[in-house]
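Fold and geometry: a report
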Amino acid sequence: LGCAVDGHPTPNITWLNSGKPLSLQHRLLAAGQILHILNISDASDGEFSCLAQNEAGALTQKTLLAIREYQWSVDKLMACSASCGHKGVQLPQLRCLLDGAEVNISHCKEKPKPALQPIACNRRDCPSRWMVTSWSPCTRSCGGGIQMRRVTCQRLTVKGNSVPMPNEACAQVSKRPVDTQNCNRQPCVEWVVSSWGQCNGPCIGPRLAVQHRRVFCQTKDGTSVSSDQCSALPRPLSTQNCWTDVCSVYWRVSLWTVCTATCGNYGFQSRRVDCVHVRTNKPVLEHHCSWRPRPTNWQRCNIMPCENGTLLRGGEAEPCKGRQESKAMSQKWSTRPC
């Protein structure tokens with residue numbers, strides 16, 4: 001509570017409760033201008049006043065305190081959990097009230113909840129009704145099977161006992177549930193594979209190749225169907241590695257040819273690169289060697305600058321005729337240092 005007063009000299013402030021000195025636990029803040037009640041539950045409704053006094057006179061301010069407290073209420077009951085039998089209970093419904101009016105339940109969360117005692121309700125014999133067991137496993141995993149269950153007419157008593165009743169007693173209430181049904185009507189399917197193809201490539205290593213076979217889905221009577229219908233079954237492999245002499249190959253390279261120039265930017269040399277069988281030493285198709293990087297069959301050579309050189313043409317040496325002429329004729333002639 002606040003006492004907004006000011007004056008000169010500074011007034012002395014005294015707090016009163018219903019005209020009497022304070023008896024409850026409190027603190028005074030801001031030179032007595034704020035009254036902090038430490039435990040509101042100890043206070044009572046009524047008038048609080050502050051008396052401010054100095055040489056100029058006295059001033060009193062009054063405040064009425066009304067304490068409103070949230071309370072749990074259990075004056076209503078929830079719906080019964082069963083319409084008959086021996087297990088029906090009702091639980092009191094918790095509500096949060098303020099001055100008798102229901103408010104959001106979060107306002108009461110700091111207050112301890114009262115103990116809730118369930119109340120028995122609707123404890124009486126139930127009408128006769130059909131009782132069913134769980135379905136049995138299907139007689140077949142595919143191609144159409146049958147499931148069965150037991151259907152009986154019973155009555156649940158107030159003591160919790162199930163008493164067998166004539167079927168007519170339940171037939172008057174509802175239609176008898178079925179006790180058999182079809183199941184797993186999808187066709188029986190399987191993966192079928194062809195024989196493995198020849199082990200002749202592509203090569204993936206020394207003497208190592210890949211062979212293939214067809215994998216398809218079909219019914220037990222041999223009718224081909226979509227592969228999706230076999231998706232629940234483990235799918236056989238359609239490729240596998242195999243050993244074959246066809247892949248006993250390697251890259252064979254010859255010696256480099258003489259460089260086409262002794263200097264400049266246009267010299268190159270080449271060599272022959274063949275895929276060769278180890279046993280016959282004869283070239284085979286290059287794709288058999290594709291599992292290894294193919295060696296290069298040409299490269300640049302003697303690419304140092306030509307300075308004061310001799311142009312060779314037809315095997316005869318002539319004096320160098322300058323940088324421009326050497327560069328213009330370099331595609332047909334080779335150069336040799338002078």
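Predicted model only: the values in this text are computed from it and were never measured. (Residues numbered from 1 in each chain as written. Predicted model: local features only at pLDDT ≥ 70, side-chain atom pairs only at ≥ 80, totals over all residues. Heavy atoms only, no water.)

1. Considerations on the sheet that holds strand S5 (residues 46–54)
- Here four strands make up an open sheet; going across it, the order is S2-S1-S5-S6 and the pairing antiparallel. The open sheet has two free edges, formed respectively by strand S2 (20–21) and strand S6 (57–65), since each of these has just one partner strand.
- By the bridge criterion, two bridges tie strand S1 (residues 12–17) to S2 in an arrangement that is antiparallel. If you follow Leu16 over to S2, its bridge partner there is Pro21. (Pairing = 2+ DSSP bridges. Helix = DSSP H or I, 4+ residues; strand = E, 2+ residues; numbered from the N terminus.)

2. Digging into the pattern of salt bridges
- Evaluated as defined, the whole model comprises eight salt bridges.
- Here Glu190 and Lys220 are joined by a salt bridge, their closest N and O atoms 3.4 Å apart. Of this pair, Glu190 sits in strand S17 (residues 189–193) while Lys220 sits in the loop between strand S20 (215–219) and strand S21 (239–243), and the two are 30 residues apart along the sequence.
- Since its relative accessible area comes to 27%, Glu190 is described here as partly exposed.
- A residue is classified by how much of its surface remains accessible, and Lys220, at 55% relative accessible area, is exposed.
- Where Glu286 meets Arg294, a salt bridge forms, and the shortest distance between an N and an O atom there is 3.1 Å.
- According to the relative accessible area criterion, Glu286 is partly exposed, its value standing at 37%.
- Using a relative accessible area of 38% as the deciding quantity, one classes Arg294 as partly exposed.
- Put simply, Asp75, Arg95 and Glu102 are held in one network by salt bridges that share partners. (Salt bridge = Lys/Arg side-chain N within 4 Å of Asp/Glu carboxyl O. Buried < 20%, exposed > 50% of the residue type's maximum accessible area, 1.4 Å probe, protein only.)

3. So, the confidence of the model for the protein chain
- Per-chain confidence: the protein chain averages 85 in pLDDT, with 89% of residues scoring 70 or above.
- Of the regions scoring below 50 in pLDDT, residues 310–338 engages in 40 contacts with residues more than four places distant in sequence or in other chains. (pLDDT = per-residue confidence, 0-100. Contact = heavy atoms within 4.5 Å.)

4. Focus on the state of the cysteines
- Scanning the entire structure with this criterion turns up 13 disulfides.
- Here Cys80 pairs with Cys121 through a disulfide, and the sulfurs are 1.9 Å apart. Disulfide Cys80 to Cys121: torsion about the S-S bond roughly 95°, handedness right-handed. Remark: Cys121 occurs in the loop between strand S11 (119–120) and strand S12 (129–132) and Cys80 occurs in the loop between strand S7 (70–77) and strand S8 (89–90); sequence separation between them is 41 residues.
- Overall, Cys80 belongs to the partly exposed group, its relative accessible area being 23%.
- Looking at Cys121, the relative accessible area reads 8%, which means it is buried.
- Disulfide pairing places Cys217 opposite Cys230 at an S-S distance of 1.9 Å. Its S-S torsion of approximately 75° makes the covalent link between Cys217 and Cys230 right-handed. A residue pair is termed long-range when its members are at least 10 positions apart, and Cys217 in strand S20 and Cys230 in the loop between S20 and S21 qualify at 13 residues. Summarising the burial analysis for this pair, Cys217 and Cys230 share the class buried. (Disulfide = S-S within 2.5 Å.)

5. Some details on unusual backbone geometry
- Pro9 follows His8 through a cis peptide bond whose omega is 0°.
- The residue Pro9 is located in the segment before S1 in this model.
- The backbone of Ser18 shows a phi angle near 55°, a positive value even though the residue is not glycine.

6. Some points on the packing of aromatic side chains
- What the rule picks out here adds up to zero aromatic pairs.
- Over the aromatic face of Trp191 sits the side chain of Arg235, whose NZ or CZ is 5.0 Å from the ring centroid. (Phe/Tyr/Trp six-rings, centres within 6.5 Å; stacked < 30°, edge-to-face > 60°. Lys NZ or Arg CZ within 6 Å of the ring centre and 35° of its normal.)

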